[in-house]
Amino acid sequence: MRPVRTISLFSGCGGSDLGLKRLGYDVVWANDISKAACETYSDNVGPVIECGDIADFNRFPRAEFLVGCYPCQGFTQGGRRDSGDSINFLYQQFDRVLRIVSPKAFVVENVNGMAYGENTLLLYNQLCRYRLAGYRVKWHVLNAENYGVAQSRRRVFIVGIRSDLDFEYEFPAPKFGADTRRKLICQKDVLKDMPEWPVGEFNEEPFHWYYLSRRRRRDWNEPSPCIVGHWRHVPLHPMSPPLKRIHTDKWVFSGKGRARRLAYRECAALQGFPKSFAWKRGTIRERFQMIGNAVPPPLFEAVVNNLENLW
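Cut-offs applied
- Residues numbered from 1 in each chain as written.
- Predicted model: local features only at pLDDT ≥ 70, side-chain atom pairs only at ≥ 80, totals over all residues.
- Heavy atoms only, no water.
- Helix = DSSP H or I, 4+ residues; strand = E, 2+ residues; numbered from the N terminus.
- Rg over C-alpha atoms; globule rule 2.2 N^0.38 Å.
- Buried < 20%, exposed > 50% of the residue type's maximum accessible area, 1.4 Å probe, protein only.
- Contact = heavy atoms within 4.5 Å.
- Areas by Shrake-Rupley, 256 points an atom, 1.4 Å probe, with all protein chains shown as cover.
- Lys, Arg positive; Asp, Glu negative; His and termini not counted.
- Charge placed at Lys NZ, Arg CZ, Asp CG, Glu CD.
- Core = buried A, V, L, I, M, F, W, Y, C linked by side-chain atoms within 4.5 Å.
- Phe/Tyr/Trp six-rings, centres within 6.5 Å; stacked < 30°, edge-to-face > 60°.
- Lys NZ or Arg CZ within 6 Å of the ring centre and 35° of its normal.
- Salt bridge = Lys/Arg side-chain N within 4 Å of Asp/Glu carboxyl O.
- pLDDT = per-residue confidence, 0-100.
- Pairing = 2+ DSSP bridges.
- Right-handed = clockwise from strand over helix to strand, strands pointing away.

Overview of the overall build of the chain
Now for step 1: When helices and strands are counted, the chain shows eight helices and nine strands.
Now for step 2: Against the globule reference of 19 Å for 311 residues, the chain gives a C-alpha radius of gyration of 19 Å, in line with a compact fold.
Now for step 3: Along the longest, intermediate and shortest principal axes, the C-alpha atoms of the chain span 60 × 45 × 40 Å.
Now for step 4: Counting across all 311 residues of the chain, residues that qualify as buried make up 53%.
Now for step 5: Of the contacts formed within the chain by residues at least 6 apart in sequence, a portion of 68% connects residues at least 24 apart.
Now for step 6: Looking at the chain as shown, the accessible area adds up to about 14500 Å², and 48% of this sits on carbon and sulfur atoms.
Now for step 7: The average position of the 45 basic charges and that of the 33 acidic charges among the side chains of the chain differ by 4 Å.

A word on the nonpolar core
Now for step 1: If you look at the biggest cluster of nonpolar residues, it comprises 34 residues, and the most contacted ones within it are Phe 65, Val 107, Phe 157, Ile 161, Phe 300 and Leu 307.
Now for step 2: Elements that contribute at least two residues to this core include exactly β2 (26–32), α2 (35–44), β4 (65–68), β5 (105–111), β7 (154–162) and α8 (297–305).
Now for step 3: Sort the elements by how many residues they give to this core and α8 lands first, with five residues.
Now for step 4: Apart from residues lying up to four places away in sequence, Phe 157 is in contact with Val 107, Val 108, Glu 109, Lys 138, Trp 139, His 140, Leu 142, Phe 171, Val 295, Leu 299, Phe 300 and Val 303.
Now for step 5: Residues Phe 57, Leu 127, Tyr 130 and Val 141 belong to the second largest nonpolar core, which totals 29 residues.

Let's talk about the packing of aromatic side chains
Now for step 1: Tallied over the entire structure, the rule returns 23 aromatic pairs.
Now for step 2: Lying across the ring of Tyr 211, Arg 216 places its NZ or CZ 4.7 Å from the centre.

Structural notes on the pattern of salt bridges
Now for step 1: Counting across every chain of the model gives 17 salt bridges.
Now for step 2: Here Arg 281 and Asp 43 are joined by a salt bridge, their closest N and O atoms 2.8 Å apart. One end of the pair, Arg 281, is in the loop between α6 (264–270) and α7 (284–293); the other, Asp 43, is in helix α2, and 238 residues separate them in sequence.
Now for step 3: Two residues, Glu 201 and Arg 265, come together in a salt bridge whose shortest N-O distance is 3.0 Å.

Details of the confidence of the model for the chain
Now for step 1: Counting all residues, the mean pLDDT for the chain is 94, and 95% of those residues have values of 70 or more.
Now for step 2: Within the model, the stretch residues 77–81 combines pLDDT values under 50 with eleven contacts to residues more than four positions away or in other chains.

Thoughts on unusual backbone geometry
Now for step 1: Even without a glycine there, the phi angle at Phe 10 is positive, about 55 degrees.
Now for step 2: Positive phi, close to 50 degrees, is recorded for Ser 102, a residue that is not glycine.
Now for step 3: Along the chain, Ser 102 falls in the loop between α3 (91–101) and β5.
Now for step 4: Judged by its relative accessible area of 35%, Ser 102 is partly exposed.

Concerning α2
Now for step 1: Turning to α2, its buried residues number three or more, namely Ala 36, Ala 37, Cys 38, Thr 40, Tyr 41 and Asn 44.
Now for step 2: Tucked inside the fold, the buried residues of α2 contact α1 (15–23), β2, β3 (49–51) and α7.
Now for step 3: Following α2 by one or two positions, Gly 46 has its phi on the positive side, about 160 degrees.

Digging into the environment of Leu 212
Now for step 1: Its place among the elements puts Leu 212 in the loop between α5 (187–191) and β8 (243–247).
Now for step 2: With a relative accessible area of 14%, Leu 212 lands in the buried category.
Now for step 3: Spatially, the C-alpha atoms of Leu 212 and Phe 202 are 17 Å apart, while their sequence positions differ by ten residues.
Now for step 4: Not counting the four nearest positions on each side in its chain, Leu 212 is found in contact with Phe 207, Leu 243, Asp 249, Lys 250, Trp 251 and Phe 253.

Section: the pairing of strand β1 (residues 5–9)
Now for step 1: Of all five residues in β1, four are buried; the element is thus mostly enclosed.
Now for step 2: Here β1 pairs with β2 via four bridges, running parallel. Residue pairing across strands places Thr 6 opposite Val 27, the latter belonging to β2.
Now for step 3: Considered for its hand, the β-α-β crossover made up of β1, α1 and β2 is right-handed.
Now for step 4: With four bridges connecting them, β1 and β4 associate as parallel partners. Residue pairing for β4: Thr 6 is matched across the bridge by Phe 65.

Structural data, given as structure tokens:
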């Protein structure tokens with residue numbers, strides 16, 4: 001496939017664009033507001049990223065493809081929620097760039113919380129905007145564990161095809177798990193050769209009652225729970241003793257033994273980043289945030305791969 005000129009918005013440390021790079025896409029311009037994320041992107045993906053608020057940019061290179069993973073944290077199913085937070089309306093900036101660039105197609109990734117209940121209003125607002133911009137739009141919730149990622153992570157994907165093009169997009173079928181011949185990738189597959197107690201790479205705070213109000217641990221032979229962006233709330237390492245549910249919002253360790261949260265390099269591996277990916281920018285906390293906010297590269301690659309015949 002020929003290189004497809006691509007613009008990437010809200011690129012973070014480069015999870016989505018690493019998937020694009022594997023497919024041979026040519027990312028000609030990228031943007032994020034986080035300095036540490038931009039530096040990490042440059043270290044691993046390429047020097048095309050510009051750091052700053054996307055609202056301050058008005059000129060963009062020519063491109064056939066636009067991707068964006070804008071945050072909508074007010075609609076996440078874990079962590080802080082505030083549906084009135086301005087961060088939930090960054091899709092308006094994506095829409096602005098979409099209309100300026102007029103690419104043949106676009107792909108958006110976001111939290112799956114907006115696909116349920118009253119939160120669907122935000123999702124429908126996005127779909128309406130993109131259709132008014134001249135695109136046929138589809139959306140679907142995909143779980144990363146079905147696409148070669150050792151993690152249960154459900155996310156909404158929105159794919160738009162410019163209305164003048166004769167192409168019908170279909171979301172990729174699961175490649176792992178039920179209804180396939182391939183078992184889910186488990187934590188053992190990813191973590192087995194990594195240090196057991198990597199001092200300085202994980203949060204060593206005591207486990208607060210709120211942390212133990214959820215099932216934070218999965219066994220070695222299971223995918224990890226969802227990797228989040230806050231280092232205090234990342235899942236337990238599977239070496240930790242199993243958890244026993246006491247009641248709805250209380251879990252306790254059912255046996256003795258050392259327990260710890262996942263380290264940031266482990267979180268990166270469970271997100272599908274290669275072990276060669278360099279994490280040398282920002283604080284430890286910022287690294288957790290970059291990793292937890294990223295798109296798993298194998299998942300994004302699977303979504304974009306189904307656009308091949310468009311080009």
